[in-house]
Amino acid sequence: MQEEIQKVKDEATASLREIRTQEDAENFRLRFLSRKGSVAQLFDRLKDIPKEDKPALGKALNELRSFVESEFDAARGSIGSTASRETAGIDLSIPGRKRYLGRKHPLTQTAEEIKRIFTGIGFGIADGPEIEDDYHNFEALNFPPDHPARDMQDTFFVKNPAQKDANQNGKYVLRTHTSGVQIRVMENNKPPLRVIMPGRVYRNEAISARSYCLFHQVEGLYVDKNVSLAELKGTISYFAKEFFNAEAKLRFRPSYFPFTEPSAEVDVNCFICGGKGCKICKYSGWLEIMGCGMVDPNVFKFVKYDDHEVSGFAFGMGIERLALLRYGIDDIRLFFENDIRFLNQF
Ligand code: DAH
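Residues numbered from 1 in each chain as written. Predicted model: local features only at pLDDT ≥ 70, side-chain atom pairs only at ≥ 80, totals over all residues. Heavy atoms only, no water.

Draft legend 1. Up close: the site of the ligand. Inspection of the region around the ligand gives 16 residues, with His177, Ser179, Arg203, Gln217 and Glu219 positioned closest. Arg203 places a polar side-chain atom, nitrogen or oxygen, 2.9 Å from an oxygen atom of the ligand. Contact between the ligand and Ala314: an oxygen atom at 3.2 Å from a main-chain N or O atom of the residue. If the ligand stood free it would expose 350 Å²; the protein chains cover 91% of that surface. Mapped by element, the contributors of at least two residues to the shell around the ligand are helix H8 (179-188), strand S6 (214-224), strand S9 (286-295) and strand S10 (311-318). Looking at the shell around the ligand residue by residue, the classes come out as 5 nonpolar, 9 polar and 2 charged. (Near = heavy atom within 4 Å. Polar contact = N/O pair within 3.5 Å; in protein donor to acceptor, adjacent residues only side chain to side chain. Areas by Shrake-Rupley, 256 points an atom, 1.4 Å probe, with all protein chains shown as cover. Helix = DSSP H or I, 4+ residues; strand = E, 2+ residues; numbered from the N terminus. Nonpolar A, V, L, I, M, F, W, Y, C, P; charged D, E, K, R; others polar.)

Draft legend 2. Spatial organisation of the pairing of strand S7 (residues 250-257). Of the pairings in the sheet, the one linking S7 to strand S8 (residues 260-269) comprises 7 bridges and is antiparallel in character. Its bridge partner being in S8, Ser255 is matched across the sheet by Ser263. Where S7 folds back on S8, the antiparallel hairpin that results is connected by 2 residues. (Pairing = 2+ DSSP bridges.)

Draft legend 3. Spatial organisation of the sheet that holds strand S3 (residues 156-158). Strand order in the open sheet formed by 3 strands is S2-S4-S3, with antiparallel pairing between adjacent strands. On the outer flanks of this sheet lie strand S2 (131-133) and S3, each paired with one strand and no other. Pairwise comparison of adjacent strand axes, ignoring direction, gives a mean angle of 40° for this sheet. (Axes fitted to C-alpha atoms, helices over the stretch in contact; angles between N-to-C directions.)

Draft legend 4. Examining the side chain of Thr235 more closely. By the secondary structure assignment, Thr235 is in helix H9 (residues 229-243). Not counting residues within four places of it along the chain, the set of residues in contact with Thr235 comprises Phe118, Ile121, Phe123 and Phe313. (Contact = heavy atoms within 4.5 Å.)

Draft legend 5. Spatial organisation of H8. Counting buried positions along H8 gives 7 out of 10 residues, so the element sits mostly inside the fold. Buried within H8 we find Ser179, Gly180, Val181, Gln182, Ile183, Val185 and Met186. (Buried < 20%, exposed > 50% of the residue type's maximum accessible area, 1.4 Å probe, protein only.)

Draft legend 6. Fine view of the nonpolar core. Ile114, Phe239, Ile289, Phe315 and Met317 are the most contacted members of the largest nonpolar core, which has 46 residues in total. Residue contacts for Ile114: discarding those within four places in its chain leaves Ile196, Val218, Phe239, Phe243, Met317, Ile319 and Leu322. Counting 24 residues, the second-largest nonpolar core is a separate cluster that includes Tyr135, Ala140, Val303 and Ala314. (Core = buried A, V, L, I, M, F, W, Y, C linked by side-chain atoms within 4.5 Å.)

Draft legend 7. Region of the structure containing the pattern of salt bridges. Using the criterion set out here, one finds 19 salt bridges in the structure. As a salt-bridge pair, Arg76 and Asp73 come within 3.2 Å of each other at their nearest N and O atoms. Here Arg76 pairs with Asp73, and both are found in helix H4 (residues 54-77), just 3 residues apart, close to one helical turn. One salt bridge in this structure joins Lys104 and Glu112, with 3.2 Å as the shortest N-O distance. A relative accessible area of 46% means that Lys104 is categorised as partly exposed. Members of the salt-bridge network, linked through shared partners, are Arg251, Arg253, Glu265, Asp267 and Glu288. (Salt bridge = Lys/Arg side-chain N within 4 Å of Asp/Glu carboxyl O.)

Draft legend 8. Just the side chain of Asp296, in detail. Looking at the element boundaries, Asp296 is found in the loop between S9 and helix H10 (297-302). Despite its burial, Asp296 remains without a salt bridge, the nearest opposite charge being carried by Lys301 at 7.0 Å. What Asp296 contacts, discounting residues up to four positions off in sequence, is Asn142, Pro258, Phe259, Thr260 and Glu261. (Lys, Arg positive; Asp, Glu negative; His and termini not counted.)

Draft legend 9. Structural detail: the packing of aromatic side chains. Throughout the structure, instances matching the rule amount to 20 aromatic pairs. A centroid spacing of 5.3 Å and a plane angle of 75° characterise the contact between Phe118 and Phe123, whose relative ring orientation is edge-to-face. Among the residues examined, Phe118 registers a relative accessible area of 0% and is labelled buried. Residue Phe123 is classed as buried on the basis of its relative accessible area, which comes to 5%. Judged by centre distance (5.1 Å) and plane angle (25°), the ring pair of Phe118 and Phe315 falls under stacked. Note that Phe118 is positioned in helix H6 (residues 106-119) and Phe315 in strand S10, a separation of 197 residues in sequence. One exposure class covers both Phe118 and Phe315, and it is buried. An aromatic cluster of at least three residues, connected via ring pairs, comprises Phe118, Phe123, Tyr222, Phe239, Phe243, Phe244, Phe313 and Phe315. Over the ring of Phe67 we find Lys9; its NZ or CZ atom is 4.6 Å from the centre of that ring. (Phe/Tyr/Trp six-rings, centres within 6.5 Å; stacked < 30°, edge-to-face > 60°. Lys NZ or Arg CZ within 6 Å of the ring centre and 35° of its normal.)

Draft legend 10. Inspection of unusual backbone geometry at higher detail. Following Pro191, the chain continues into Pro192 via a peptide bond in cis, with omega recorded as 0°. With respect to the helices and strands, Pro192 occurs in the loop between H8 and strand S5 (193-202). That bond from Glu261 to Pro262 is cis: its omega, -5°, falls within 30 degrees of zero. Residue placement: Pro262 occurs in strand S8. Not every positive phi belongs to a glycine, and Asp146 is a case in point at roughly 65°. In this model, Lys282 sits at a positive phi of 50°, which is unusual for a non-glycine residue. Residue position: Lys282 is located in the loop between S8 and S9. A relative accessible area of 58% places Lys282 in the exposed class.

By themselves, these observations are geometric and do not establish any function.
Below is the structure:
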């Protein structure tokens, strides 16, 4: 009898290890703990046992029953828990998958920074169409038809089968710069004006590390009574110090744009080499960041502003160029390839 008690204990211990599901648990209960189960059967046999052996066997049987019951409770309690799930085919030792947070494209971040700086000093934001007519992209900006300055920008022309409006010269282009939005803003608003106009522009250029067929610009326009060149310089210096760093030094180089007179290109001292000369600044110590100037009176005539009454300044900068400089990137194409290994760095 003692041997049989031991045998049931061993069997029960082995079966307990196999319990995975509620069904396994029920089978175990039926086999060992029900009224017809192995433990009850051993108890039934107690009545046939000689009197003197009864106390010892009774004790052994009670121990068996409480052992099986408590182990069974424990096994049933852990169904669906870590240990049993692991053995059920899920390997919990595999490291979790990392979730990467999405982030804004570096060009979006740069554009937002530019907008933040200018809106902080009272500029509003405007935009215009990317398919632009010749009048707004060129003519009203003082590029007369056949003017050689049109060659400064390699233009994508767009065919317009309708060509209804003779005033548009029948010509549409993918805008080559955001300067045309100046015209639209002035056509629709009276001075004084303080606006920046960010947007995408297109140029029919060979694609290389330095140029791409599309890029982004931010145009700026300030028109009021008695606006001076000093205010233009002050505004741009403020921008450069905010965008690059407070030590930024600027250089205004005389230049030419049909829509501004006088015109200048603006350089910032190379913060990469500190002005000593490096690859990025092409050993000049200076980095070009934008074009600017005082709005040409002819432009005011096109939008029917009184050029004796008002004056103004305008500027235009390339967002890719500013982002390249800011982050020390040497290939503009990276902005358009959207390689996650590049984008993850911003
Ligand atoms: N539109 C010029 C370009 O695409 C940039 C520019 C230069 C804009 C001078 C301006 C300006 O407003 O005054 O290169």
